[in-house]
Amino acid sequence: RPAQLTTVGKRCCLWIQDLCMDLQNLERARDDLRFRGVKGTTGTQASFLQLFEGDHNKVEELDRLVTAKAGFKRSYMVTGQTYSRKVDIEVLSVLASLGASIHKICTDIRLLANLKEVEEPFEKDQIGSSAMPYKRNPMRSERCCSLARHLMTLVLDPLQTASVQWFERTLDDSANRRVCLAEAFLTADIILSTLQNISEGLVVYPKVIERRIGQELPFMATENIIMAMVKAGGNRQDCHEKIRVLSQKAAAVVKQEGGDNDFIARVRADPYFSPIHKQLESLLNPSSFTGRAPQQVAKFLKEEVRPALIPYQSKMGGKIELTL
């Protein structure tokens, strides 16, 4: 249903904010990872203690050296035959959350594409539908949604694996995780690269947006009209009733006759609203309905997105350009 207006840039920032949260969660999960270390068959380090003739310091030093050699800063102090499978839950939960973000973004794009306000990139010789050649289905967004659903369900595997570990690892652990862990990372990789392709070629149609706003704005402006009338000395209840009657008549023209929204024309023709007839143009200015969206976008890009991308600046060609 139509609601208060927002801007394209503000909507994009909502998508980016979710992705920034995913980036933070990915970095946290990566930084929290520890090495199992040199713990032995069941985690007791018994064989190493025997090898070093009971020297606990040497066992701990070996654990530290191998951990560093493997590229980790820390190892788990206690393990069984494996590290706790809750680690796999943590990792796949972050990836599943990323899948939810991308599914939401691409669903929004698909809905906006249906309204013809936004369109994902479309290649010159691309076929939109094998049966209907005129169609331009948002196939990339559809693919992202499909794969994102798969990614979101993969977290169920480590949840169940961790809950049925018994005392030590069995093949019902390792066979499962060799599939779900690899699939999760591969799926996350392909939907991210597809989303990048979508975002780099996203097309916005301002004229279509303008037409749609023109159709819905008169109804959205009713509260502003009522406030203006009250400031001009009118009675709020009387004005509300007048607006109700006129808006329902205009809605009937749109719904039953397929005509244009003539609500404002009815307001102009009604002598009751003569005190604010000269204000109607300013009351219907779309920019007055978007609040602080432009300022929010500018502040968000400057203070949250840009700092989050600085560590990746060298990988992005040495510069960060953010414009919406």
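Heads up: these notes are all about the structure in this document. (Residues numbered from 1 in each chain as written. Predicted model: local features only at pLDDT ≥ 70, side-chain atom pairs only at ≥ 80, totals over all residues. Heavy atoms only, no water.)

## Description of the nonpolar core
One broad trend across soluble globular proteins is that nonpolar side chains are buried collectively. Membership of the largest hydrophobic core comes to 26 residues, with the highest contact counts inside it found for Leu92, Ile102, Cys106 and Leu151. Counting only elements with at least two residues in this core, the list comes to helix H1 (8–32), helix H4 (86–114), helix H5 (139–154) and helix H7 (171–200). Top element by residues in this core is H4. It accounts for 10 residues. Once residues within four sequence positions are removed from consideration, Cys106 is found in contact with Ser141, Cys144, Cys145, Leu195 and Ile198. Judged by nonpolar contacts, the second largest core, of 22 residues, contains Leu5, Leu246, Phe263 and Leu284. (Core = buried A, V, L, I, M, F, W, Y, C linked by side-chain atoms within 4.5 Å. Buried < 20%, exposed > 50% of the residue type's maximum accessible area, 1.4 Å probe, protein only. Helix = DSSP H or I, 4+ residues; strand = E, 2+ residues; numbered from the N terminus. Contact = heavy atoms within 4.5 Å.)

## So, the side chain of Gln165
Of note, Gln165 is situated in the loop between helix H6 (156–163) and H7. Separated by 3.2 Å, the side chain of Gln165 and the backbone oxygen of Thr161 make a polar contact. At 3.0 Å, the side chain of Gln165 forms a polar contact with the side chain of Asp173. Apart from the residues lying within four places of it in its own chain, the contact partners of Gln165 are Thr82, Arg85 and Asp173. (Polar contact = N/O pair within 3.5 Å; in protein donor to acceptor, adjacent residues only side chain to side chain.)

## Topic: helix H13 (residues 293–309)
Taking 1.5 Å of rise per residue, 17 residues should cover 24 Å, and H13 covers 22 Å from first to last C-alpha, within 8% of that figure. For H13, the principal kink sits at Leu301 and spans about 40°. Of all the residues in H13, the buried ones are Ala293, Val297, Phe300, Leu301, Val305 and Leu309. Buried residues along H13 sit in contact with H1. (Expected span 1.5 Å × (residues − 1). Bend = angle between axes of the 7 residues up to and from the residue.)

These values are about where atoms sit, not about what they do.
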